[in-house]
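Geometric and topological summary
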Amino acid sequence: MRIADKTTTAVSLVKEALEKAKKYEDKHIFVSLNEENALKKAEEIDAKIANGEKVGRLAGVPYALKDNFLSKEGNTTASSLMLEPFHSPIDSTTVKKLEAEGAIMIGRTNMDSFAHGSSTENSYFGPTKNAVDDERVAGGSSGGSAVAVALDIVPFATGSDTGGSIRQPASFNGVYGFKPTYGTISRYGVVAMASSTDCIGFFTKNAEDMDLLMEICAGQDENDMTTLPDYYSETPEKPAKKIGIIKDFDNDAVDQDIRNVLAEKVEFLKNEGYEIVELDMPTLKYALAVYYIVVPAEVTSNLSRHDGIRYGYRSEDAKDLGEIFSKSRNEGFMSENKRRIMIGNFVLSSGFYDAYYLKAQKARTKIIEEYNKAFEKVDYILTPVSPNPAFKLGEKVNDPVSMYLEDVMSVPINLAGVPSVAVPVGKTESGLPLGLQVVGPRRSDKNLLKFASVLEGDK
Ligand code: GLN
């Protein structure tokens, strides 16, 4: 990823990335391109290199930014009319850190609006298409970022993962997708979805690039009180010996190709000398229900700031203050956003709070405990990312429950706050990419990434 050896220039890398982005325009990967600023920055970096000045570890590396990261360059929309247009006066912490190392943002990627979804079909700008099949979804909500990396437009892209939004699109498009331990990377300046599970992470082509991005972006931030002190770069090496697999995740609801690739990898690991341990984690079957109570509750609260007054969209035909609120929100939000706002208000309302929200929080604690117990027995856990490979565009978008079921294997991890990396490990018979995820205990991120690349071994 480093270009300071003068074999190429930042300008040519950025030009190439922009050309590729345009070539794939029909896939709807980008919401907006950042052409002028990107080229200007590239020229500055080339000039620095020519002058022998010191440049950062990502000098001249083009990257794509998920459209929920604030940056002073261009507008941030979170793929929603509600933020169209919104020009941010600040950079998110991640953007600041990447750019301090010389990375160059070439465009903002498409996503499900406000990150609500598992296919990128809930975008105000229309769906992103899968990297290998135009009739299939990119996955979501960070679909644009995953496809941008899969098609080699950029070597890395940012993502946010509240319940699987990095790992599932990574798996659908055949790239690495990492959701770190909760609090490892600052959430400051990223449009909030559910603050207790939102995690910032990346898409890359390999584990080494991911490690470099983590080195750069992990760390405490005074603007995000939930960030952890930087443990990442100081993690002592700890080789893995025991790998857990979850009995309940191997059932008929899971696509046969995925079960096959999991079985192959288990065999591979055994041959490599790892001990495979079958785990019984019965509480995980409640995770999806818990997630779809806790997350909408937080969504409701985070989205209340979009009122047509402070920023973003305002309805044209609102006649008074009440109508500014109601019409702007009604026109600006998409139906999935509204569904979450309604569920969230319902589970928080008096009379239902104890039955839903409080109970879900208690169940969340049980899920956390179950992971803690599992990690007393094993170093990492290997599972599918989702029950199926990339599905057809339109197949689930009008059936919210079947869309939510996509998340059944990814959300328990967010509820527990543990790290997980999606690794591209194979293909279906028809050539669709397949990924598996490796889950680790809290703060095992660095070693987890190291282990993840082992899985690619016999690909
Ligand atoms: N698909 C999940 C949801 O819709 C996850 C979204 C995310 O991680 N942003 O809630």
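In short, a report on the structure.

Calculation rules
Sequence order as written defines residue numbering, which begins from 1 separately in each chain. Reporting of local features is limited, given that this is a predicted model, to residues whose pLDDT is at least 70; pairs of side-chain atoms are given and counted only at 80 or more, and all residues count toward the totals for whole chains, interfaces and linings. Think of the side-chain values as coming from all heavy atoms in the structure, minus any hydrogens and water. Residues are called lining when one of their atoms sits within 4 Å of a cavity or pocket point, these points coming from a 1 Å grid over the protein atoms alone, where a cavity is a set in which a 1.4 Å probe fits but cannot get out and a pocket is an open set with protein on both sides within 12 Å along at least five of seven lines. Grid points are joined across faces, edges and corners, and a volume is the space filled by probe spheres set on the points. Just so you know the grouping, Ala, Val, Leu, Ile, Met, Phe, Trp, Tyr, Cys and Pro go in nonpolar, Asp, Glu, Lys and Arg go in charged, and all remaining residues, Gly too, go in polar. Helix axes are fitted only over the stretch in contact, all axes being lines through C-alpha atoms; the angle between N-to-C directions runs from 0 to 180 degrees. Comment: elements are numbered from the N terminus, with helices defined as DSSP H or I runs of at least four residues and strands as E runs of at least two. Working definition: roughly parallel below 35 degrees, roughly antiparallel above 145 degrees, roughly perpendicular at 65 to 115 degrees, and oblique for all remaining angles. We call two residues in contact when some of their heavy atoms are within 4.5 Å. Note on terminology: a nonpolar core comprises buried Ala, Val, Leu, Ile, Met, Phe, Trp, Tyr and Cys residues joined through side-chain atoms within 4.5 Å. Residue burial is assigned from relative accessible area. The probe radius is 1.4 Å, only protein chains are included, and a residue is buried under 20% of its type maximum, exposed over 50%, and partly exposed in between. When DSSP finds two or more bridges between a pair of strands, those strands are recorded as paired. Here the expected length of a helix is defined as 1.5 Å per residue gap, with one fewer gap than residues. Directions drawn from the helix axis to the C-beta atoms are what define this arc. For this analysis, a polar contact is any N or O atom pair within 3.5 Å, provided that within protein one partner can donate a hydrogen and the other can accept it, and provided that sequence-adjacent residues contribute only side-chain to side-chain pairs.

1. Overview of empty space enclosed by the protein
One pass over the structure, following the stated rule, counts 2 cavities of 30 Å³ or more. Here the largest cavity defines a volume of roughly 80 Å³. Gly117, Gly163, Ser165, Tyr291 and Asp407 are, among the 14 residues lining the largest cavity, the residues nearest its centre. For the lining of the largest cavity, the residue count by class is 4 nonpolar, 8 polar and 2 charged. Forming the boundary of the second largest cavity are Ser171, Ile258, Val385, Ser386, Asn388, Pro389, Leu434 and Gly435. Here the lining of the second largest cavity is built from residues that sort into 4 nonpolar, 4 polar and no charged.

2. Structural notes on the packing of helix α1 (residues 10-23) against helix α2 (residues 35-50)
Axis separation between α1 and α2 bottoms out at 7 Å; the angle between their running directions is 160°. Comparing their axes, α2 and α1 come out roughly antiparallel. Contact with α1, carried on its side by Ala10, Val11, Val14, Lys15, Leu18 and Lys22, involves Glu35, Ala38, Leu39, Ala42, Glu43, Ile45 and Asp46 of α2 and no other residues of that element. Here the contact of α1 with α2 is built from residues that sort into 8 nonpolar, no polar and 5 charged.

3. A look at the nonpolar core
Core analysis: the biggest nonpolar cluster contains 98 residues, and Tyr371, Ile381 and Leu382 have the highest contact counts within it. A total of 11 residues in this core trace back to one element, the largest contributor, which is helix α8 (residues 287-303). Each residue touching Ile381, except ones within four places of it in the same chain, is listed here: Gly244, Ile246, Leu279, Met281, Tyr371, Ala374, Phe375, Gln437, Val438 and Val439. Judged by nonpolar contacts, the second largest core, of 33 residues, contains Ile45, Ile49, Ile104 and Ile106.

4. What about helix α4 (residues 143-150)?
For α4, the tally of buried residues reaches 8 of 8 residues, placing the bulk of the element in the interior. Buried within α4 we find Gly143, Gly144, Ser145, Ala146, Val147, Ala148, Val149 and Ala150. Elements in contact with the buried residues of α4: β1 (30-33), β2 (62-66), β3 (104-109), β4 (156-161), α5 (167-173) and β6 (199-204).

5. Brief notes about the sheet that holds strand β10 (residues 420-427)
Judged by pairing direction, the sheet is mixed, and its 11 strands sit side by side in the order β1-β3-β2-β4-β6-β5-β10-β11-β9-β7-β8 without closing on themselves. Each edge of the open sheet carries a strand with a single partner, namely β1 and β8 (275-279). On average, adjacent strands in this sheet sit at an angle of 30° to one another, irrespective of strand direction. Where β4 meets β6, 6 bridges bridge the pair, whose relative direction is antiparallel. When the bridges of β6 are listed, Thr158 appears paired with Phe202.

6. Observations concerning the environment of Lys48
Positionally, Lys48 belongs in helix α2. A residue is classified by how much of its surface remains accessible, and Lys48, at 37% relative accessible area, is partly exposed. Note: C-alpha distance between Lys48 and Asn130 (82 residues apart in sequence) is 38 Å. Setting aside anything within four residues of it in sequence, one finds Lys48 in contact with Glu53, Lys54 and Val55.

7. Quick word on helix α7 (residues 256-271)
If you check α7, its first and last C-alpha atoms are 23 Å apart, about what 16 residues at 1.5 Å a residue would give, namely 22 Å. Those residues of α7 not exposed but buried are Ile258, Val261, Leu262, Lys265, Val266, Phe268 and Leu269. Buried residues along α7 cover an arc of 160° about the axis, so they all sit on one side. Away from its buried face by more than 90 degrees, α7 exposes Glu264 and Asn271. The elements touched by buried residues of α7 are β7 (242-246), β8, β9 (380-384), β10, β11 (433-439) and α14 (445-455). Two or three places before Asp257, at the opening of α7, Asp255 has a side-chain oxygen 2.8 Å from that residue's backbone nitrogen. Count one or two residues on from α7 and you reach Gly273, which has phi positive near 100°.

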